[in-house]
Structures are given as structure tokens and as C-alpha cells.
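Remarks on the overall topology
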Amino acid sequence: MRVIGRKPVLELLQSGKPVQRVQVALGTQGRIIGEIIAEAKKRKVRVDRVPPNVAKKAFGSGNHQGVVAEAAPMELRELKDLGKAIPVQHGLLIALDEVTDPHHVGSVARSALAAGCDGLILPSRRSAPLTDTVLKTSAGTITRLPVIQVGNLSDALIRLQKEGWWIHGATGGSGESLWTHGWDDRTVLVIGSEGKGLSQRARKVCDSFVQIPLANEVESLSVSASAAVILFDIARRRREA
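First things first, this report covers the structure right here in the doc. All residue numbers here refer to positions counted from 1 along the written sequence of the relevant chain. Given that the model is predicted, a residue must reach a pLDDT of at least 70 before its local features are reported, and side-chain atom pairs must reach 80 or more before they are shown or counted; all residues, however, enter totals for whole chains, interfaces and linings. Heavy atoms from the whole structure form the basis of all side-chain values; hydrogens and water molecules are not counted.

1. Focus on the overall build of the protein
Spelled out, the test is: In this text, helices come from DSSP runs of H or I with a minimum length of four residues, and strands from runs of E with a minimum of two, each type numbered from the N-terminal end. C-alpha atoms define the radius of gyration, and 2.2 Å times the number of residues to the power 0.38 defines the globule rule. Residue exposure (1.4 Å probe, protein chains only): buried if accessible area is under 20% of the type maximum, exposed if over 50%, otherwise partly exposed. Only the protein chains shown count as covering a residue, and every accessible area follows the Shrake-Rupley method with a 1.4 Å probe. When charges are tallied, Lys and Arg are placed among the positive residues and Asp and Glu among the negative ones, while His and the ends of the chain are skipped. The atoms used to mark charge sites are NZ of Lys, CZ of Arg, CG of Asp and CD of Glu.
Scanning the protein from N- to C-terminus turns up 8 helices and 11 strands. Over its C-alpha trace the protein gives a radius of gyration of 19 Å, about what one expects of a compact globule, namely 18 Å for 241 residues. For the protein, buried positions account for 49% of its 241 residues. Accessible surface, the protein as shown: approximately 12100 Å² in total, 48% of it carbon and sulfur. In the protein, 33 positive and 24 negative side-chain charges are present, and the distance between their average locations comes to 9 Å.

Shown next, in the form of C-alpha cells:
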């Protein structure tokens, strides 16, 4: 898997995940480039200096910022790993229901890690694949967040309910206000796709619904913005409790 961009590459190296090599375009400088090279040397990862004309072809047309890393494929976890290989430290999970835009998946992963989520749940179908775009948008943080892939999201949510988790679905207008909504010690926040929202199968499983009060006749926020607002409100209230 190829990781592009300065912060994503640095996050990857600092995560401890396997990295095969790092390529830096000649003439590329800056503090983060220096940190990347230092971290790579510390981990004994090969660093290749690439001429600009070669880098242009090898790095592709994405916003690579003069640096690319070749990493091992991202490790996907299973639901059975929760509480074992995946420690439950904060009692908070986020599940994406049919979110197919890789930019949203990457942004949600970044917010989830920052807010203290124990993991991100993604269905194997009708979900954005974990591509370079997801890694880049997450600024590399998705390499540090456990990603749990499930065959059927509704079945996975039902299993979590049986294990003591409460399922809270984010909706556009029919749920309880975020400002008054109560959260459980073991919470799964489910976010639906842009435009469609939660699927009917996911809705049937949810224990409760929450909405973000919006002003100035704004109809909705994006998937990633909604996730960030709700996750950090959960984190804030838990710290104040």
C-alpha cells in the first residue's frame, strides 16, 4: 500500500507498522521531511532520494508533497478481536453505514482517533475501500486506529448489543437533540451515508437516535463533520462527568 504526503508518511512511521521504504524527491525540504528521515533511520527503513523527473512519474499526480512510503497492507480486525487484540479503553466505537466516499472515511477516522474511539467499524460491502485517499485524508491516523471489518453491519450491531453495547444512530432531524442526548458507558455511534442517511436495516437495530441542532436553515452537515461534532461532544461530557 502506498502512503503519500508528509504528515501521513510521518504518522505511518511513528505508528510502528511495517514500512518497506520511503522515497523523497530531491530538493524537498522542511521540518517534517527532516522528522521523516530521522524516524526512518531510527527504524532502519530504507530512504531513497529520487530525482524530480523520476518522482513526477513514480509518485503519481496526487498531492504527495515530495514524499511517498510503501507500507504493508493495512491490517483489518474482526469483531471477535474487540476486548482482546483491540482493548476497550473508552467504551466508544463508531460505525459507518454505507459511506462510500473515501474522503469522509479518512476524515472520520482522524476525528475518531482524536476523540478517543476504540475502533472504527466498516462493512465489507457498500463502503469505501481503504485506499491511498483514505490514508491521505486521515493524515495517516487510520494506521493507528483499529479498523473492524464486518460482513453485515446490522448483524454486527446486534451482536454488540448482546455484549452490552448501546447503539445510537445519527439522524438528520428525527432524533433527540445532541445537547440533551444521554450516552452510555459502552456506546456505538452509527453514521449513515451522505444524502441517504442511515439504512433501514441499521435503523431497526438502533436503541436511540440523535440529531445535531442546526441554525440558519442549514439542512445538514457532511458525514465527517457530523461525526466530529458528535464524537467530541461525547468526549467532552465524559470528561466533565
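Still more to cover.
2. Looking at the sheet that holds strand S7 (residues 147–150)
For the record, the criterion: A pair of strands is considered paired only if DSSP assigns at least 2 bridges between the two. Contacts are residue-level and defined by heavy atoms, with any inter-residue pair within 4.5 Å sufficient. Angles run from 0 to 180 degrees between N-to-C directions of axes, and those axes are lines fitted to C-alpha atoms, restricted for helices to the stretch in contact.
Pairing in this open sheet of 7 strands is parallel, and the strands run S7-S6-S5-S10-S8-S11-S9 from one edge to the other. Strands at the two margins of the open sheet, each flanked by one partner only, are S7 and strand S9 (176–177). Across the sheet, helix H4 (residues 102–115) is in contact with strand S5 (92–97) and strand S6 (119–123); its angle to S5 comes to roughly 170°. Strand contacts of helix H6 (residues 153–162): S5, S6, S7, strand S8 (166–170) and strand S10 (187–192), with the helix running at about 160° to S5, the strand carrying the most contacts.

3. Describing helix H8 (residues 223–240)
Basically, it comes down to this: Expected span, for any helix, means 1.5 Å times one less than how many residues it has.
With 18 residues, H8 should cover 26 Å at 1.5 Å per step; its first-to-last C-alpha distance of 26 Å lies within 8% of that length. Turning to H8, its buried residues number three or more, namely Val-223, Ser-224, Ser-226, Ala-227, Ala-228, Ile-230, Leu-231, Asp-233, Ile-234 and Ala-235. Against S5, H4, S8, S10 and strand S11 (208–211) lie the buried residues of H8.

4. Comments concerning the nonpolar core
Under the convention used in this document: The term nonpolar core refers to a set of buried residues drawn from Ala, Val, Leu, Ile, Met, Phe, Trp, Tyr and Cys, joined through side-chain atoms within 4.5 Å.
In this structure, Val-22, Ile-36, Ile-94, Ile-191 and Ile-230 are the most contacted members of the largest nonpolar core, which totals 49 residues. In contact with Ile-36, other than residues within four places in its own chain, are Arg-6, Val-9, Leu-10, Leu-13, Val-22 and Val-67.

5. A few points about the layout of surface pockets
Rule in force here: Cavities and pockets were defined on a 1 Å grid built over protein atoms only: a cavity is a set of grid points that admits a 1.4 Å probe from which the probe cannot escape, a pocket is an open set flanked by protein on both sides within 12 Å along at least five of seven lines, and lining residues are those with an atom within 4 Å of any such point. Grid points are joined across faces, edges and corners, and a volume is the space filled by probe spheres set on the points. Classes in brief: Ala, Val, Leu, Ile, Met, Phe, Trp, Tyr, Cys and Pro nonpolar; Asp, Glu, Lys and Arg charged; the others, Gly included, polar.
Volume-wise, the largest pocket comes out at about 410 Å³. In terms of lining, the largest pocket is formed by 23 residues, of which the most central are Thr-171, Gly-172, Ser-220, Leu-221 and Ser-226. For the lining of the largest pocket, the secondary structure elements donating two or more residues are S10, S11 and H8. By residue number, the principal contributor to the lining of the largest pocket is H8, which donates 3 residues. Looking at the lining of the largest pocket residue by residue, the classes come out as 9 nonpolar, 10 polar and 4 charged.

6. Regarding the packing of helix H1 (residues 6–15) against helix H2 (residues 31–42)
Put simply, the rule reads: Orientation is classified from the angle alone, with under 35 degrees giving roughly parallel, over 145 giving roughly antiparallel, 65 to 115 giving roughly perpendicular, and any other angle giving oblique. Left-handed describes a crossing whose near helix is turned anticlockwise from the far helix by less than a right angle; the clockwise case is right-handed.
Relative orientation of the contacting elements H1 and H2 amounts to 25°, with a least axis distance of 10 Å. By the criterion of interaxial angle, the relationship of H1 to H2 is roughly parallel. Taken as a pair, H1 and H2 cross one another with a handedness that is left-handed. On H2, the residues touching Arg-6, Lys-7, Val-9, Leu-10, Leu-13 and Gln-14 of H1 are Ile-32, Ile-33, Glu-35, Ile-36, Glu-39 and Ala-40. Broken down by class, the residue content of the contact of H1 with H2 amounts to 7 nonpolar, 1 polar and 4 charged.

7. So, the pattern of salt bridges
Filter applied, for reference: Put simply, a salt bridge is a Lys or Arg side-chain nitrogen that is within 4 Å of an Asp or Glu carboxyl oxygen.
Evaluated as defined, the whole model comprises 13 salt bridges. A salt bridge links Glu-35 to Arg-31; the shortest N-O distance between them is 2.6 Å. Placement of the pair is Glu-35 and Arg-31 together in helix H2, with a separation of 4 residues, close to one helical turn. We classify Arg-31 as exposed; its relative accessible area is 60%. The salt bridge partner of Asp-48 is Arg-46, with a shortest N-O separation of 3.0 Å. Linked by salt bridges that have partners in common, Arg-21, Arg-46, Asp-48 and Glu-70 make up one network.

8. Let's talk about the environment of Val-188
One can find Val-188 in strand S10. Along the backbone, Val-188 and Leu-157 are 31 residues apart, and their C-alpha atoms lie at a distance of 8.3 Å. Aside from chain neighbours lying at most four places away, what touches Val-188 is Leu-93, Ala-95, Leu-157, Leu-160, Trp-165, Trp-166, Ile-167 and His-168.

The quantities given are spatial measurements derived from coordinates; they are silent on function.
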